[in-house]
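Examining the three-dimensional arrangement
This is what each chain is made of:
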Amino acid sequence: MLSFPNAKINLGLNIIEKRKDGFHNLESCFYPVPWHDVLEIVPSQKLSFQITGLEIPGDPMENLCLKAYRLLAEDFDLEPVSIHLHKIIPMGAGLGGGSSDAAATLKLLNQLFTLDLDEETLAGYASEIGSDCAFFIKNAATLAHGKGDQFLKITINLAEKYLVLVYPNIHVNTAVAYSGIIPQKPSHGIAKIIENEPLSSWKDQLTNDFEHGIFKQHPSLTHIKATLYQLGAAYASMSGSGSALFGLFEQMPQLPEEFDNYLVWKGQLS
Ligand SMILES: C[C@@](CO)(OP(=O)(O)O)[C@H](O)COP(=O)(O)OP(=O)(O)OC[C@H]1O[C@@H](n2ccc(N)nc2=O)[C@H](O)[C@@H]1O
Ligand SMILES: Nc1ncnc2c1ncn2[C@@H]1O[C@H](COP(=O)(O)OP(=O)(O)O)[C@@H](O)[C@H]1O
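Conventions we followed
- Residues numbered from 1 in each chain as written.
- Chains lettered and ligands numbered in written order.
- Predicted model: local features only at pLDDT ≥ 70, side-chain atom pairs only at ≥ 80, totals over all residues.
- Heavy atoms only, no water.
- Near = heavy atom within 4 Å.
- Polar contact = N/O pair within 3.5 Å; in protein donor to acceptor, adjacent residues only side chain to side chain.
- 1 Å grid on protein atoms, 1.4 Å probe; cavity = no way out; pocket = protein on both sides within 12 Å on 5 of 7 lines; lining within 4 Å.
- Sits in = over half its atoms within 2 Å of the grid points.
- Helix = DSSP H or I, 4+ residues; strand = E, 2+ residues; numbered from the N terminus.
- Nonpolar A, V, L, I, M, F, W, Y, C, P; charged D, E, K, R; others polar.
- Pairing = 2+ DSSP bridges.
- Axes fitted to C-alpha atoms, helices over the stretch in contact; angles between N-to-C directions.
- Expected span 1.5 Å × (residues − 1).
- Buried < 20%, exposed > 50% of the residue type's maximum accessible area, 1.4 Å probe, protein only.
- Core = buried A, V, L, I, M, F, W, Y, C linked by side-chain atoms within 4.5 Å.
- Domains from an automatic or database assignment.
- Contact = heavy atoms within 4.5 Å.
- Points joined across faces, edges and corners; volume = space filled by probe spheres on them.
- Buried area = accessible area lost by both parts, 1.4 Å probe.
- Salt bridge = Lys/Arg side-chain N within 4 Å of Asp/Glu carboxyl O.

Moving on, we get to the site of ligand 2. Around ligand 2, a shell composed of 17 residues is seen, among which Ala93, Gly94, Gly96, Asp101 and His171 lie nearest. A distance of 2.7 Å separates an oxygen atom of ligand 2 from a polar atom in the backbone of Gly94. At 3.3 Å, a side-chain N or O of Thr174 approaches an oxygen atom of ligand 2. Counting atoms within 2 Å of the grid points, the majority share of ligand 2 lands in the largest pocket. Sorting the residues of the shell around ligand 2 by element identifies strand 6 (81-87) and helix 2 (97-112) as the ones contributing at least two each. For the shell around ligand 2, the element with the most residues is helix 2, which contributes three residues. When grouped by side-chain class, the residues that make up the shell around ligand 2 number seven nonpolar, eight polar and two charged.

Next comes the structure, spelled out in structure tokens:
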């Protein structure tokens, strides 16, 4: 069975407060975007895992796909499988690629073994894997709150806008990024802005609280964001805890040569 786990971007990201469990409550619009990994799971004699494509740092046996398999295997009598992940979405990018792979693994195993788990149950397993993993179960634009694993309905349609995503080869560790944040209560009302204000005004109203600290450490990111605006972006931002930056455009721009040094995804949203 085959799946194409996709990335997400954050439209506005505000850290509201530090929780007693050490995590942070946040508010952000999570939006799925069509930059994909490829994931194949087939029944096998023994559990095996193969990675191709981008190199994933860390122990392959700790990969989130295997974590998802083991989590379900605690509760269900799963036959062994062979998992092949072809990694395309850059890591440490704020694009949620690892969480998306894990969520896709849960969904594929659910189908393969006809476990009949509904979305809510799958999201429960996903939340045990990572804070933003549950989002990828439904994989539709949503206003995320709590740890990033609670969702509220949001009406937003970026279909036909053009997206340019730039990964500037800087790996950001999410936990380290959070440790540099001073939370700012209260909520910034992201949903109201996104639902009621035109895209062109988001740049004056939406903020990503991670940008300040991460841009300070990596000044090239400030330059890339400014370049996206110079190219005509209606709205540009860092995604999640970085370091990927994105621009939303009414028309696809001609990208400058300097972007050849980075991993870039560009295309029209549908
Ligand atoms: C920042 C965000 C925004 O969408 O995305 P990314 O930049 O990773 O894509 C997410 O909150 C990332 O979620 P995720 O990547 O699943 O994080 P987790 O694995 O759960 O946690 C990694 C570490 O980040 C910190 N963490 C994470 C989520 C949260 N709400 N508060 C936190 O303080 C904790 O220190 C935790 O140990
Ligand atoms: N399937 C996976 N894909 C990507 N990263 C993974 C995966 N499994 C585990 N990881 C680990 O998670 C880290 C964060 O990756 P990822 O979730 O893609 O980034 P981000 O948190 O920036 O969205 C990686 O550096 C890697 O060590």
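From this point, the discussion proceeds with the structure in view.
This next bit is on the sheet that holds strand 10 (residues 235-238). Pairing between sheet strands relies on hydrogen bonds along the backbone, with the strands arranged either parallel or antiparallel. Spatially, 10-11-9-12 is the arrangement adopted by the four strands of the open sheet, whose pairing is antiparallel. One side of each edge strand has no neighbouring strand; the edge strands of this open sheet are strand 10 and strand 12 (263-268). Averaged over all neighbouring strand pairs, the angle between strand axes comes to 10°, with direction disregarded. With four bridges joining them, strand 10 and strand 11 (residues 245-249) adopt antiparallel strand pairing. Pairing of Ser237 across the sheet is with Phe246, part of strand 11.

Attention now goes to helix 1 (residues 64-75). Count 3.6 residues to each turn of an α-helix, and residues three or four apart come out pointing the same way. Compared with the 16 Å implied by 1.5 Å per residue over 12 residues, the 17 Å span of helix 1 between its first and last C-alpha is a close match. For helix 1, the full list of buried residues reads Cys65, Leu66, Ala68, Tyr69, Leu71 and Leu72.

The next subject is the nonpolar core. General note: in soluble globular proteins, nonpolar side chains tend to be found buried as a group. Residues Leu106, Phe210 and Leu228 are the most contacted members of the largest nonpolar core, which totals 57 residues. In this structure, this core is formed jointly by two domains, domain 1 (2-152) and domain 2 (162-268), each of which donates at least three residues. Sequence-distant contacts of Leu106, that is, excluding residues within four places in its chain, are made with Ala68, Leu72, Leu122, Tyr125, Ala126, Ile129 and Ile137. Of all hydrophobic cores here, the second largest spans 31 residues; its members include Ala93, Ile154, Ile194 and Trp265.

Think of a ball as big as a water molecule: rolled over the atoms, this probe shows where empty space is left. Of the volumes computed, that of the largest pocket is approximately 1,200 Å³. Leu64, Ser99, Asp132, Thr174 and Ala175 are the residues nearest the centre of the largest pocket, which is lined by 50 residues in total. Broken down by secondary-structure element, the contributors of at least two residues to the lining of the largest pocket are strand 2 (6-18), strand 3 (24-36), helix 2 and helix 5 (174-179). For the lining of the largest pocket, a count of residues per class yields 21 nonpolar, 21 polar and eight charged. There are two domains that each give the lining of the largest pocket at least three residues, and those are domain 1 (2-152) and domain 2 (162-268). By volume, the second largest pocket is sized at about 310 Å³. Lining the second largest pocket are 18 residues, with Gly180, Ile181, Phe210, Gly213 and Ile214 positioned closest to its centre.

This part is about the domain arrangement of the protein. For the protein, the domain assignment lists domain 1 (2-152) and domain 2 (162-268). Taking the mean C-alpha position of each, domain 1 and domain 2 sit 22 Å from one another. Facing 28 residues of domain 1, the contacting portion of domain 2 comprises 37 residues. Regarding the contact of domain 1 and domain 2, the summed buried area is about 2,500 Å², with carbon and sulfur atoms giving 67% of it. The three residues of domain 1 that bury the most area against domain 2 are Leu13, Ile15 and Trp35, which together make up 22% of that side's buried surface. Connecting domain 1 to domain 2 are zero salt bridges. Of all the secondary structure elements, the ones that give two or more residues to the side of domain 1 that touches domain 2 are strand 2 and strand 3. The element that contributes the greatest number of residues to the side of domain 1 that touches domain 2 is strand 2, accounting for 11 residues. In terms of residue class, the side of domain 1 that touches domain 2 is made up of 17 nonpolar, seven polar and four charged.

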